[in-house]
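Architecture and fold: a report
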Amino acid sequence: MSRRKIWKSQDDIESDKIEQSLRDSVLAIVRKREEKVITGQAHNFGSDFLGSLLRVHHDADKKNRISIDDVIDECKVFFLAGHETTSSLLSWTFLLLAIHTDWQEKARNEVFELFGQEKPTAEGLPRLKIANMIINEALRLYTPAISLVRRVTKNVKLGKYEFPANMELHIPPLALHRNQDIWGKDAHLFKPERFSEGVATATRNNPMAFLPFGFGPRTCVGLNFANNEVKIAMSIILQRYKFTLSSNYVHSPLSLITVRPQNGVQIMLQTL
Ligand code: HEM
């Protein structure tokens, strides 16, 4: 049953407007892509995510089709889930590299060894071992998503705990990521070397100890995409600049869907 408010506050009106304009923007992109096929400028909808959605939307068999509202919703989910999280990870990674310039130097050396002054390549990205360790350590200390939500489908007994059906569980990855029993007394310190032998060794084969992308069937579908995106941005910046933290920076992590630096991360760039 859909619920409609009889009286709308100023915030409700504003939020409806924003939703409508978001929908209109996505719809304009969708229509532009469709137009290309209709006018014969393109033979198909494209090989990216939007192309895949449009193929299903226009499937010859009506039973397989998804509605235009589904297409728009999927685009909104991927845009929001993919943008906020990755920008949060990039910000924290650069904060940590601006403070720990020894690791910045190690990461830069690796980038130069693999790519020189050239653009990062798809084959080279999985070989960025130091960058991977740094990204994992940033994800551990400043995990962008600080709550994973699950609903209990039936009564369950787990050890001394009983969970009734329909209960909502909020799992806090940050509490696990900074737990000294799991990570040791230096759990609060930035030490990418923890991940030198991979995540399984760092967590002593406890997959629940490190949950930046969640776990199980609903684990983040953009995990590899995000990892590559951050590695590309990191490589391009490291190839061009050295950087340190500005004295204007005030540490104030703010939890607003993701955890972000409230006032941004101010860094001082020095051209190489
Ligand atoms: C650093 C970047 C990212 C982080 C930390 C992150 C984190 C997460 C987490 C914690 C979940 C919930 C998993 C669970 O409940 O077990 C999730 C789900 C999801 N993420 Fe990401 N994500 C990131 C980037 C992306 C990107 C780039 C995309 C898309 C391009 C994306 C798309 C999604 C989607 C669609 C879901 C829902 C999956 C489902 O319910 O089946 N994420 N993400």
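Preceding this section is the structure that the text describes.
A brief report on the enclosed structure follows. Since the model is a prediction, treat every value here as computed from it, not as a measurement.

**Examining the layout of surface pockets**
Within this model, the largest pocket holds a volume of roughly 1,700 Å³. Those elements that provide at least two residues to the lining of the largest pocket are helix 1 (10-38), helix 2 (49-57), helix 3 (68-99), strand 1 (148-151), helix 9 (223-240) and strand 7 (258-261). With 14 residues, helix 3 is the single largest residue contributor to the lining of the largest pocket. Taken together, the residues of the lining of the largest pocket break down into 30 nonpolar, 11 polar and 7 charged. The residue makeup of the lining of the largest pocket includes at least three contributed by each of domain 1 (10-66) and domain 2 (82-144 + 175-271).

**Side note on the coordination of the iron atom of the ligand**
What the protein offers the iron atom of the ligand as a donor is a single atom, Cys220 (SG), at 2.3 Å. Turning to its location among the elements, cysteine 220 is positioned in the loop between helix 8 (199-202) and helix 9.

**Description of the packing of helix 1 against helix 2**
The contact between helix 1 and helix 2 brings their axes to 11 Å, and the two run at 75 degrees. Taken together, the axis directions place helix 1 and helix 2 in an arrangement best described as roughly perpendicular. Across the interface between the two elements, Ile29, Val30, Arg33 and Glu34 of helix 1 pack against Leu50, Gly51, Leu54 and His57 of helix 2. Classifying every residue of the contact of helix 1 with helix 2 by side-chain character gives 4 nonpolar, 2 polar and 2 charged.

**Some points on the nonpolar core**
Core analysis: the largest hydrophobic core is formed by 38 residues, its most contacted members being Trp103, Ile134, Trp183 and Met234. For this core, the elements supplying multiple residues, two or more each, are helix 3, helix 4 (101-115), helix 5 (129-141), helix 7 (180-183) and helix 9. When near neighbours in sequence (up to four residues on either side) are disregarded, tryptophan 103 contacts Leu97, Ile130, Met133, Ile134, Phe190, Pro192 and Glu193. With 10 residues, the next largest nonpolar core counts Val26, Val30, Leu53 and Cys75 among its residues.

Here is what the cut-offs are and how they apply
- Residues numbered from 1 in each chain as written.
- Predicted model: local features only at pLDDT ≥ 70, side-chain atom pairs only at ≥ 80, totals over all residues.
- Heavy atoms only, no water.
- 1 Å grid on protein atoms, 1.4 Å probe; cavity = no way out; pocket = protein on both sides within 12 Å on 5 of 7 lines; lining within 4 Å.
- Points joined across faces, edges and corners; volume = space filled by probe spheres on them.
- Helix = DSSP H or I, 4+ residues; strand = E, 2+ residues; numbered from the N terminus.
- Nonpolar A, V, L, I, M, F, W, Y, C, P; charged D, E, K, R; others polar.
- Domains from an automatic or database assignment.
- Donors = N, O, S within 2.8 Å, 3.2 Å for Na, K, Ca; no water.
- Axes fitted to C-alpha atoms, helices over the stretch in contact; angles between N-to-C directions.
- Parallel < 35°, antiparallel > 145°, perpendicular 65-115°, else oblique.
- Contact = heavy atoms within 4.5 Å.
- Core = buried A, V, L, I, M, F, W, Y, C linked by side-chain atoms within 4.5 Å.
- Buried < 20%, exposed > 50% of the residue type's maximum accessible area, 1.4 Å probe, protein only.

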